[in-house]
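# Structural overview for review
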Amino acid sequence: MNLLGRNRRISFHDKSVDYIRLSSLELIAEEIYANQVSGNVAELGVYKGEFSKHINAAFPDRKLYLFDTFAGFDTRDVSIDLANQFSIQTNQFADTEVESVLNKMPYSENVILRKGYFPQTSIGIEDKFAFVSIDTDLYKPIYDGLTFFYPRLTKRGYIFIHDYNNFIFKGAREAVRQFCSEQNIPYVPISDNQGTVIISK
């Protein structure tokens with residue numbers, strides 16, 4: 001399957017990201033290009049860059065912002081999840097490095113890396129976005145990510161929020177439902193691993 005053509009090919013042989021999530025990215029990228037939707041792309045919650053590299057491949061002519069602590073969960077976010085019993089596994093995802101992530105990017109010259117605590121790392125960014133992936137697992141960074149990115153989402157752009165149906169990290173669902181209720185925004189769940197939801201504008 002390759003709807004994007006020779007220059008925006010996504011490899012479905014990669015076992016690190018599930019097929020449904022990857023194919024959904026490919027189809028949505030095709031819609032963005034077909035409809036001439038403007039804006040750059042971003043991922044909040046990069047970890048080792050396994051999904052980021054596919055975003056980079058799908059949008060080779062656009063800036064890709066990568067936001068992550070590159071040190072695992074921040075204690076400020078962990079404390080909120082623990083206080084609300086959203087999750088108990090809060091010492092994960094520290095085993096990553098900026099250099100190894102950048103080495104995976106097929107168009108690394110387009111990558112703008114923002115290392116540190118979000119949303120502070122978003123200060124000064126005035127870009128509009130056609131596609132955003134939010135994959136931070138915990139309640140606060142997901143809610144903060146939606147608060148930052150949705151107003152900057154171009155019309156007919158898309159946001160993926162991972163882990164909506166992950167019952168280890170229940171804050172993801174709580175953040176999505178709260179934000180979308182407050183803003184009166186519909187969303188669509190898909191049946192990928194851990195249950196992404198998709199928001200459009």
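Residues numbered from 1 in each chain as written. Predicted model: local features only at pLDDT ≥ 70, side-chain atom pairs only at ≥ 80, totals over all residues. Heavy atoms only, no water.

## Considering the pairing of strand E1 (residues 40-44)
Counting buried positions along E1 yields 5 of 5 residues, so the element is predominantly enclosed. Neither face of E1 is open: one carries Asn 40, Ala 42 and Leu 44, the other Val 41 and Glu 43, and all of them are buried. As judged from the 5 bridges shared by E1 and strand E4 (residues 129-134), these two strands associate in the parallel manner. Looking across to E4, one finds that Glu 43 is bridged to Ser 133. When E1 meets strand E2 (residues 64-68), the two strands line up parallel, connected through 4 bridges. Paired with Val 41 across the strands is Leu 64, a residue of E2. Once you follow E1 into helix H2 (residues 52-58) and on to E2, the crossover reads as right-handed. (Buried < 20%, exposed > 50% of the residue type's maximum accessible area, 1.4 Å probe, protein only. Helix = DSSP H or I, 4+ residues; strand = E, 2+ residues; numbered from the N terminus. Pairing = 2+ DSSP bridges. Right-handed = clockwise from strand over helix to strand, strands pointing away.)

## Concerning the packing of aromatic side chains
On inspection of all chains with the given rule, the structure shows 20 aromatic pairs. Relative to Tyr 139, the ring of Phe 86 has its centre 5.5 Å away and its plane inclined at 40°; by these criteria the two rings are tilted. With Phe 86 in the loop between helix H3 (75-83) and helix H4 (98-103) and Tyr 139 in helix H5 (residues 139-149), this pair connects stretches of sequence that are 53 residues apart. Considered together, Phe 86 and Tyr 139 belong to a single accessibility category, that of buried residues. (Phe/Tyr/Trp six-rings, centres within 6.5 Å; stacked < 30°, edge-to-face > 60°.)

## Notes on the confidence of the model for the chain
Mean pLDDT over the chain: 92, with 91% of residues reaching 70 or higher. Across residues 1-6, confidence stays below pLDDT 50; counting only partners more than four residues off in sequence or on other chains, it has 16 contacts. (pLDDT = per-residue confidence, 0-100. Contact = heavy atoms within 4.5 Å.)

## A short note on the sheet that holds E2
The strand order across the open sheet built from 7 strands is E3-E2-E1-E4-E5-E7-E6, with neighbouring strands paired in mixed fashion. Only two strands of the sheet have a single neighbouring strand rather than two, namely strand E3 (111-115) and strand E6 (188-189). For E6 and strand E7 (residues 197-200), the ladder comprises 2 bridges, and the chain directions are antiparallel. Note on E7: the bridge partner recorded for Pro 189 is Val 197. Along the sheet, helix H1 (residues 19-34) contacts E1, E4, strand E5 (153-161) and E7; its crossing angle with E5, the most-contacted strand, is approximately 175°. (Axes fitted to C-alpha atoms, helices over the stretch in contact; angles between N-to-C directions.)

## Section: the nonpolar core
Ile 134, Leu 146, Phe 149, Ile 159 and Ile 161 are the most contacted members of the largest nonpolar core, which totals 29 residues. Mapped by element, the contributors of at least two residues to this core are E1, E2, E4, H5, E5, helix H6 (171-183) and E7. At 6 residues, H5 tops the list of elements feeding residues into this core. Residues in contact with Ile 161, not counting those within four places in the same chain, are Ile 134, Ile 142, Leu 146, Val 176, Gly 195, Thr 196, Val 197 and Ile 199. Residues Ile 28, Ala 130, Phe 160 and Ile 198 belong to the second largest nonpolar core, which totals 25 residues. (Core = buried A, V, L, I, M, F, W, Y, C linked by side-chain atoms within 4.5 Å.)

## Description of the environment of Leu 146
Position of Leu 146 among the secondary structure elements: in helix H5. For the pair Leu 146 and Ile 161, spaced 15 residues apart in the sequence, the C-alpha separation amounts to 8.9 Å. For Leu 146, the residues in contact, after removing those within four places along its chain, are Ile 134, Pro 151, Ile 159, Ile 161, Ala 175, Val 176, Phe 179 and Ile 199.

## Observations concerning the pattern of salt bridges
Applying the stated criterion across every chain yields a total of 8 salt bridges. One salt bridge connects Lys 104 with Glu 50, and the closest N-O pair in it is separated by 2.5 Å. A residue pair is termed long-range when its members are at least 10 positions apart, and Lys 104 in the loop between H4 and E3 and Glu 50 in the loop between E1 and H2 qualify at 54 residues. For Lys 104, a relative accessible area of 29% corresponds to the partly exposed category. Of the residues examined, Glu 50 reaches a relative accessible area of 23% and is grouped as partly exposed. Taking the shortest distance from any N to any O, the salt bridge between Asp 127 and Lys 63 comes out at 3.0 Å. Pair noted here: Asp 127 is in the loop between E3 and E4 and Lys 63 is in the loop between H2 and E2, with a separation of 64 residues, a long-range link. (Salt bridge = Lys/Arg side-chain N within 4 Å of Asp/Glu carboxyl O.)

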